[in-house]
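So you can see what is in the structure, the chains are spelled out below.
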Amino acid sequence: MLYGRDEELAAIDRLLGQVREGRGRTLVLRGEAGIGKTALLDHAVAKASDMRMLRSTGVEYESGMPYAGLHMLLGGHLDRIDSLPEAQARALRAALNMGTRQDTDGGDRFLVGLAVLTLLADLAEEKPLLCVVDDAQWLDGPSVEALLFAARRLEAEPIAMLFAARDMDAPEFPAPGLPELRLRGLGKDAATELLARHAAELPRHVHHEVLAAAMGNPLALLELPGLRTHAYDTSSAYERIHRAFAEKIAALPEPSRTLVLLVAADDLGATGVVVEAAGRLGASVADLEPAERRGLLRSTADGRLEVRHPLVRTAAYGEAPLTLRLAAHRALAAAYRERGDHCHHAWHLAKSAVGPDEEAAAVLESTADAERDTGGDASAAAMYESAAALSPDPSARGRRLAAAARAYAFAGLADRAVELAARAEPDLPDPIARAGLTLIRASLADDQDRTKEAYRMFAETAASVAELDPHTSGYLFFQAAGAAANAGDFASVEAIAARGAELDLPNASHLRALARVFAGQNPLAASGDMTAGVAALRELTAAMNACYGPRDRIRLGMWHILLGDIEGAAETAAELERRYRAQGAIGLLAQVLMIRSRALLLLGRHRDARTAADEGMRIAADTGQHRIRVYLATVLALLAAIAGDEARCAELTEEALARGVPPSNVHAAAARSLLDLGLGRHEAALSRLSDVVAGPSRQGAIASLPDLVEAAVRAGRPELGREAADWYAGWARQIGRPWAEAIALRCTALLDPGDAADAAFAQAVELHRKGGTPFERARTELLYGEWLRRARRRNDARVQLHSALEAFERLGAAPWADRVRTELRAAGESLAGGADGDADRDDLAARLTPQELQVVRLAAAGLSNREIGAQLFLSPRTVGYHLYKAYPKLGVAARGELPRLDLT
């Protein structure tokens, strides 16, 4: 019976009831040690007798072993891994050291989380599932990341995930976005009742002392009466409970204390291993009985030994003399060696060392080499790191730290890789080896918007290896130039190109081309720079696939957009998207969706652009890719601006403008300016766009130059738009795309609205018909219709305006459609009210959320729920849930009816 916890018990019972109804739920219990978190978990387990159970406990001494917590939780169901989608199975096998080198193809750690979600969902298909994790603050980081990734995606799965985490005297367990229940001390009445029931024999004065000392902590109320002294001081409840358990352990016979220490020192608690190790230290299985009787140890149904409460482990290990702890680890190392478990043998051997120990370091390194051969990069990285800590020789330490950094990077644990790379560099005599580590550190800095720092690291290291390895130097200089451009430091890009030519690097022409690209991106640059920039982009685009890596192939898609090759950008992004979905490379997918969503927006496929950007933002948020998330927000902001959704546009652009990092800040300003233009706020649009073009960071400003021209003309200040129009016209000529030439002609007609404007507008409309952006074509038709109406050619005006209206309505561009209707009325046409609502009447896809639309389209193509889940990083049951919600919206009753629907 739990005293004073009625509300908490009700919350647990309510959660389990919702899971039985098919709704996934997660709850994090927080509170100080002994406050009742474990008791509530035990209550949940007792109440969930009809459910499948997974349970594990974080172990402080194992928190440095990647995926140790996950292995403990899933250990009884590893045979189910083979039934997962192939990419997920490979990732999970690699994480748990069960595969081969072929079972890992790039280390996307988020795919491990997806594999966990799918495995849990599979287990829950048979009956509801309860996952319980105690002492979550001691879980290793990769296990936490994988479990929280799964927890945040529980929707329609009958799965409950309960975490208990100490919030004092321990590391943090951050779980943003998950519901929490914070436990406080018991009230006076409940505390009195609990103490009276379990220690009725206490003298009255001691009874009051215990109540005061426990401060409502239930475990303290149970354990403090057993202290040999009642001289309660001002220490915390955690310290008092620790002391109580320490006294209980100290009162055991020595062989029993040895067994408690062995269980505390080992993460698996396999009875056979513990007993074998105990035999090496003079204890036997018979010595378990006193520890079990005193409530310190207990046996589990699956044949393991475990401590009754996590604080027993802390007290047993923490209070044992160093010599006994070392002896325990040596005994466990020998027991695991006898059983052929090289991993645990190495770990315990390392923990038995007292300072530099080359023998233990060598065992760890060789075991790590074997782990990498079987795909266990995360585990291997931790072993290399421990080997480095035990290395007496600095060069060996540097070699092992470097190996750890590379393994962490391959496992997708970038932050840890960067930390280890920085520690390794001072001990590495080989500059080429140091350069490889710099690539890890600088790439992450660039991804995290620390672009100036990334540029410095890339450039300095590139210069240091130029004579030793020109190819490595050239690649690092290329990355340095990209980082400098991201920071808006175009002078440094030019300096790098000059340095590459001076050193005669193999890719010197590419460095020069990159400098010409960014010189040509300046709207105030000379026309010769712009011409050279476009030519350079074409040169780099041709070279990129053959010479550079995945990051650069993603960059290639963006360069297609800068060349006006929107179809090429969409095709490149679609091909990469297929590849990364098949591989389950979630982190890379977010970057691809950044390009794909913008290309789809420019192609007029606004619904698909919204779907891609929405998914990309979710993935980027999950994977910590803040720069990508902010960029994708600007795509959604442009869509909101076109729709006239002022509040949504402001919300989506706020962070980009505050961060001031190009090109996202430029796209954010462009979105707000387009909104202003659509709502008739021409002065505001002109002012903002003029600031963008004149500012230090102008990446991405090309597309907004026609907006500046229109804003200037409508504000009665056309002279402010002429330079922008000239530059855009030059760019349009260079890229040779009909749609860009059409927009340039539109700008010419706006700035010179005389008789010559008729021919310019007419030619622009014809060029638009050859492809490109439907939204821009409709804008040209609107402006041409306005000009024709003012020229009293009302019939001709109505032709253009009706075409524009149809496009704006189809694209959901409400303010622009309103402007067209105003013009049509001025042209003498009577419009029925609510005409703008007709376009969506039979638009089935508009009835669905972006995620429902993705799911339905894949289902219509014949994919199973499992296949859809693998592509969209959802569990199969969540896929079924989205279909269930979509069917009534679409007016269908079954999956087989989907292929006949128009969902474009």
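Because the structure is a prediction, the values reported are computed rather than measured.

A. Spatial organisation of the pairing of strand β4 (residues 159–166). Among the eight residues that make up β4, eight are buried, leaving the element largely enclosed by the rest of the structure. Going residue by residue along β4, you find Ile159, Met161, Phe163 and Ala165 tucked away on one face and Ala160, Leu162, Ala164 and Arg166 tucked away on the opposite face as well. Sheet topology note: the strand β1 (residues 25–31)/β4 ladder contains seven bridges and is parallel. Residue pairing in the sheet places Arg30 in a bridge with Ala165 of β4. As paired strands, strand β3 (residues 129–134) and β4 are joined by five bridges and run parallel to one another. Note that in β4 the partner of Val133 across the bridge is Phe163. For the handedness criterion, the β-α-β arrangement of β3, helix α6 (residues 141–151) and β4 is classed as right-handed.

B. Looking closely at the pattern of salt bridges. Following the criterion strictly, the structure yields 66 salt bridges and no others. One salt bridge connects Glu646 with Arg681, and the closest N-O pair in it is separated by 2.8 Å. In this pair, Glu646 sits in helix α32 (residues 646–659) while Arg681 sits in the loop between α33 (664–678) and α34 (682–694), placing the two residues 35 residues apart along the sequence. Exposure remark for Glu646: the relative accessible area of 38% places this residue in the partly exposed category. Assessed through its relative accessible area of 30%, Arg681 is described here as partly exposed.

C. Representation of α6 within the structure. Buried residues dominate α6, accounting for nine of its eleven residues. Among the residues making up α6, those that are buried are Pro142, Ser143, Val144, Ala146, Leu147, Leu148, Phe149, Ala150 and Ala151.

D. Layout of the pairing of β3. Counting buried positions along β3 yields six of six residues, so the element is predominantly enclosed. Burial along β3 is two-sided: Leu129, Cys131 and Val133 and Leu130, Val132 and Asp134, pointing in opposite directions, are all buried. In the sheet, strand β2 (residues 52–57) pairs with β3 via six bridges, with the strands oriented parallel. Considered in β3, the bridge of Leu54 is made with Cys131.

E. Region of the structure containing the sheet that holds β3. Spatial ordering of the open sheet is given by β2-β3-β4-β1-β5, a layout of five strands whose pairing is parallel. At either end of the open sheet lies a strand with only one pairing partner, and these are β2 and β5 (180–182). Going across the sheet, the axis of each strand differs from the next one's by a mean of 15 degrees, ignoring polarity. Contacts from helix α2 (residues 37–47) reach β1, β2, β3 and β4, with the element oriented near 165 degrees to β3. Relative to β4, α6 is tilted by about 135 degrees, and along the sheet it contacts β1, β3 and β4.

F. Examining empty space enclosed by the protein more closely. Taken as a whole and judged by the stated rule, the model has five cavities of 30 Å³ or more. By volume, the second largest cavity is sized at about 70 Å³. Taken together, Thr57, Gly58, Val59, Glu62, Ser63, Ala68, Gly69, Met72, Trp138, Leu139, Asp140 and Asp267 make up the lining of the second largest cavity. A breakdown of the residues in the lining of the second largest cavity according to their chemical character gives five nonpolar, four polar and three charged.

G. Summary view of the packing of helix α31 (residues 626–643) against α33. Running from N to C, α31 and α33 cross one another at 10 degrees; their axes reach a closest spacing of 8 Å. When the axis of α31 is compared with that of α33, the two are roughly parallel. With respect to the hand of their crossing, α31 and α33 are arranged in left-handed fashion. Together, Arg627, Val630, Tyr631, Thr634, Ala637, Leu638, Ala641 and Ile642 of α31 and Ser664, His667, Ala668, Ala670, Ala671, Leu674 and Leu675 of α33 make up the contact between the two elements. Here the residues of the contact of α31 with α33 sort into eleven nonpolar, three polar and one charged.

H. Here's a closer look at the confidence of the model for the protein. With 93% of its residues at a pLDDT of 70 or more, the protein shows a mean pLDDT of 87. Across residues 101–107, where pLDDT falls below 50, the model places 21 contacts with residues more than four positions away in sequence or in other chains. In the predicted structure, residues 523–528 sits below a pLDDT of 50 and forms nine contacts with residues beyond four places in sequence or in another chain.

I. Quick look at α31. If you check α31, its first and last C-alpha atoms are 26 Å apart, about what 18 residues at 1.5 Å a residue would give, namely 26 Å. Within α31, 15 of the 18 residues are buried, leaving the element largely enclosed by the surrounding structure.

J. Representation of unusual backbone geometry. Despite not being glycine, Tyr67 has its phi angle at roughly 70 degrees, a positive value. Phi at Arg792 takes a positive value of approximately 65 degrees, unusual for a residue other than glycine. In this fold, Arg792 is placed in the loop between α39 (774–790) and α40 (794–811). For Arg792, a relative accessible area of 77% puts it in the exposed group.

K. Summary view of the packing of aromatic side chains. Taken as a whole and assessed by the stated rule, the structure comprises eight aromatic pairs. Relative to Trp739, the ring of Trp731 lies with its centre 6.3 Å away and its plane at 70 degrees, an arrangement referred to as edge-to-face. Summarising the burial analysis for this pair, Trp731 and Trp739 share the class buried. Centre to centre, the rings of Phe761 and Tyr784 are 5.3 Å apart; their planes meet at 20 degrees, and the pair counts as stacked. Here Tyr784 lies in helix α39 and Phe761 lies in helix α38 (residues 756–768), a separation of 23 residues in the sequence. By relative accessible area, Tyr784 is classed as buried at 6%. Three or more aromatic residues link up through ring pairs in this structure, and these residues are Tyr728, Trp731 and Trp739. Over the ring of Phe149 we find Arg153, and its NZ or CZ is 3.7 Å from the ring centre.

L. Inspection of the environment of Ala650 at higher detail. Within the fold, Ala650 resides in helix α32. Its relative accessible area of 32% is what places Ala650 among the partly exposed residues. Note: C-alpha distance between Ala650 and Asp266 (384 residues apart in sequence) is 54 Å.

The rules behind each value
- Residues numbered from 1 in each chain as written.
- Predicted model: local features only at pLDDT ≥ 70, side-chain atom pairs only at ≥ 80, totals over all residues.
- Heavy atoms only, no water.
- Buried < 20%, exposed > 50% of the residue type's maximum accessible area, 1.4 Å probe, protein only.
- Helix = DSSP H or I, 4+ residues; strand = E, 2+ residues; numbered from the N terminus.
- Pairing = 2+ DSSP bridges.
- Right-handed = clockwise from strand over helix to strand, strands pointing away.
- Salt bridge = Lys/Arg side-chain N within 4 Å of Asp/Glu carboxyl O.
- Axes fitted to C-alpha atoms, helices over the stretch in contact; angles between N-to-C directions.
- Contact = heavy atoms within 4.5 Å.
- 1 Å grid on protein atoms, 1.4 Å probe; cavity = no way out; pocket = protein on both sides within 12 Å on 5 of 7 lines; lining within 4 Å.
- Points joined across faces, edges and corners; volume = space filled by probe spheres on them.
- Nonpolar A, V, L, I, M, F, W, Y, C, P; charged D, E, K, R; others polar.
- Parallel < 35°, antiparallel > 145°, perpendicular 65-115°, else oblique.
- Left-handed = near helix turned anticlockwise from the far one by under 90°.
- pLDDT = per-residue confidence, 0-100.
- Expected span 1.5 Å × (residues − 1).
- Phe/Tyr/Trp six-rings, centres within 6.5 Å; stacked < 30°, edge-to-face > 60°.
- Lys NZ or Arg CZ within 6 Å of the ring centre and 35° of its normal.

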